[in-house]
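A structural walkthrough
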Amino acid sequence: MKLQFFTYDVFTAEKFGGNPLAIVIGADGLTPQQMQTIAREFNLSETIFVMRPDDLGNTAKVRIFFPTAEIPFAGHPTIGCAIFLAEQRQKPGCPFETEIRLEEAAGLVPVKVTRIGGVPRAMFTAPVTPYRVDVPVPGAAELASATGLAETDIGFDGHRPGVFEGGPRFLYVPVNSRWALAASRPIEPHWSAVTKTCGVDAAYVYTRGGDAAGTHFRARMYSPTAGIPEDPATGSATALLATQLLASEGLSDGTHRWQLEQGYEMGRPSDLVLEADVGGGTLNAVRVAGQAVQIMSGMLEL
């Protein structure tokens, strides 16, 4: 069996930045075990497999794999795959606006894709509105030990650690300086202890500001037990960040928009946009946007 694949760098318009993604098309005949084996072979943070949709009104059914396991939803595969599928349907170089509808394990994900001035951009609506998880949240001392920081580095303004879910689940760790963000890293055995307490395998560490003047927050995401020592860009964690911001900043009703940076410390600069609709003090919808650029294509043979 031969299958065509493409790789994209996602959440960037520059080649060799952002988060690399492998897209395998025509994957209907693959077993989950074969998909997992292929994902391990690519050894990227995620590989997405494209199949015929169950509902012909949708664009495609997809399955997403870490190197170690399948996951129900992920942001950068959704953005990259939607841009790839949209561009396959359009004339090269022509501007367009379309909707790609992806059937993911977490639910149906609508993605608005545009290409203006030759630049493709996609924005997905999260399939699950994120929510707080009622689990013990580690204190500042525990998190400092787990990230190689001082206790006084943890938290800023009204931002305190929290655990949120929306398909995947993440631990959010605010730190009060760019220095602390740059210095953070998983420290064992403390890292495994705090992630086990929260029931997560990934933590999103963030602070205010960034390199660009309009950046609101800069982040790093660690998930070593899932085979991802550090992720250059995490769309799902960005989506769930809306709940952390609602809890930390008491957002007013209406639509809020933030610019975020991730991956800069590891030499894979990624730029993400987060939007959240708030009504009655709760989240009604969350959207994440970014760009992507194709890097390579080829054939894999089983």
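Just above sits the structure.
Residues numbered from 1 in each chain as written. Predicted model: local features only at pLDDT ≥ 70, side-chain atom pairs only at ≥ 80, totals over all residues. Heavy atoms only, no water.

1. Observations concerning the overall build of the chain
Our working rule: Starting at the N terminus, helices and strands are each numbered in turn, a helix being any DSSP run of H or I of at least four residues and a strand any DSSP run of E of at least two. As defined in this context, the radius of gyration uses C-alpha atoms, and a globule is described by 2.2 Å times the residue total to the power 0.38. For each residue, the accessible area found with a 1.4 Å probe, counting protein chains only, is set against the maximum for its type, and the residue is called buried under 20%, exposed over 50%, and partly exposed in between.
Along the chain, the regular secondary structure elements total six helices and 17 strands. The C-alpha atoms of the chain give 19 Å as radius of gyration, which agrees with the globular expectation for 302 residues (19 Å, within 12%). Judged by the C-alpha coordinates and their principal axes, the chain covers about 55 × 40 × 35 Å. Here the chain, with 302 residues, has 54% of them falling under the buried criterion.

2. Structural notes on unusual backbone geometry
In this chain, E188 is followed by P189 through a cis amide linkage whose omega measures 5°. Of note, P189 is situated in the loop between α4 (178-183) and α5 (190-198). Unusually for a residue other than glycine, F16 sits at a positive phi of about 70°. Relative to the helices and strands, F16 is located in the loop between β1 (2-10) and β2 (19-24). On the basis of relative accessibility, which here comes to 58%, the residue F16 falls in the exposed class.

3. Details of the nonpolar core
Filter applied, for reference: Joining through side-chain atoms within 4.5 Å is the link that ties buried Ala, Val, Leu, Ile, Met, Phe, Trp, Tyr and Cys residues into a set, and such a set is a nonpolar core. Here a residue-residue contact requires only that any non-hydrogen atoms of the pair lie within 4.5 Å.
By size, the foremost hydrophobic cluster in this structure holds 62 residues, and its most contacted members are V113, Y172, Y204 and L274. Those residues in contact with V113 that lie beyond four places of it in its chain are A82, I83, A86, F96, E97, T98, I100, R121 and A122.

4. Observations regarding the pairing of strand β13 (residues 217-223)
Rules: Two strands pair under a simple rule: DSSP has to find at least two bridges between them.
Among the seven residues that make up β13, seven are buried, leaving the element largely enclosed by the rest of the structure. Both faces of β13 are covered, namely the face carrying F217, A219, M221 and S223 and the face carrying R218, R220 and Y222. As judged from the six bridges shared by strand β12 (residues 203-208) and β13, these two strands associate in the antiparallel manner. Bridging across to β13, A203 finds its partner in Y222. Of the pairings in the sheet, the one linking β13 to strand β15 (residues 254-262) comprises three bridges and is parallel in character. Directly across from F217, in β15, lies its bridge partner L260. Bridge count between β13 and strand β14 (residues 228-231): two bridges; the pairing is antiparallel. In the strand pairing of β14, M221 is matched with D231. Connecting β13 to the next strand, β14, in antiparallel fashion are four residues, including G227 with a positive phi near 85°.

5. Here we look at the packing of aromatic side chains
What describes a pair of aromatic rings is the distance from one ring centre to the other and the angle between the planes of the rings. Inclusion rule: Note on aromatic pairs: the rings of Phe, Tyr and Trp (six-membered ring only in Trp) are paired at centre separations within 6.5 Å, and the planes decide the class, stacked below 30 degrees, edge-to-face beyond 60, tilted for the rest.
Applying the stated criterion across every chain yields a total of twelve aromatic pairs. Centre to centre, the rings of F170 and Y172 are 6.4 Å apart; their planes meet at 65°, and the pair counts as edge-to-face. Residue F170 is classed as buried on the basis of its relative accessible area, which comes to 5%. Residue Y172 is classed as buried on the basis of its relative accessible area, which comes to 0%. Ring geometry for Y206 versus F217: centroids 5.8 Å apart, planes at 80°, classification edge-to-face.

6. Regarding the packing of helix α3 (residues 140-147) against α5
Just so we agree on the cut-off: Here an angle of 0 to 180 degrees is reported between the N-to-C directions of two axes, which are lines fitted to C-alpha atoms, with helices fitted over the stretch in contact. Should an angle lie under 35 degrees it is considered roughly parallel, over 145 roughly antiparallel, and from 65 to 115 roughly perpendicular; all remaining angles are considered oblique. Whether a crossing is left-handed or right-handed is set by the direction in which the near helix is turned from the far one by less than a right angle, anticlockwise for left-handed and clockwise for right-handed. Lys, Arg, Asp and Glu make up the charged group, whereas Ala, Val, Leu, Ile, Met, Phe, Trp, Tyr, Cys and Pro make up the nonpolar group; the residues left over, Gly among them, are polar.
Interhelical geometry of α3 versus α5 gives an angle of 135° and a closest axis separation of 7 Å. Taken together, the axes of α3 and α5 are oblique relative to one another. When the axes of α3 and α5 are compared, the crossing they make is left-handed. In this structure, α3 uses E142, S145, A146 and T147 to contact α5, whose residues at the interface are H190, W191 and V194. Its residues assigned to classes, the contact of α3 with α5 shows three nonpolar, three polar and one charged.

7. Comments concerning the environment of G162
Relative to the helices and strands, G162 resides in strand β10 (residues 162-165). According to the relative accessible area criterion, G162 is buried, its value standing at 1%. On a C-alpha basis, the gap between G162 and Y206 in space is 12 Å, while along the polypeptide they are 44 residues apart.

Bear in mind that shape data such as this cannot, by itself, settle questions of function.
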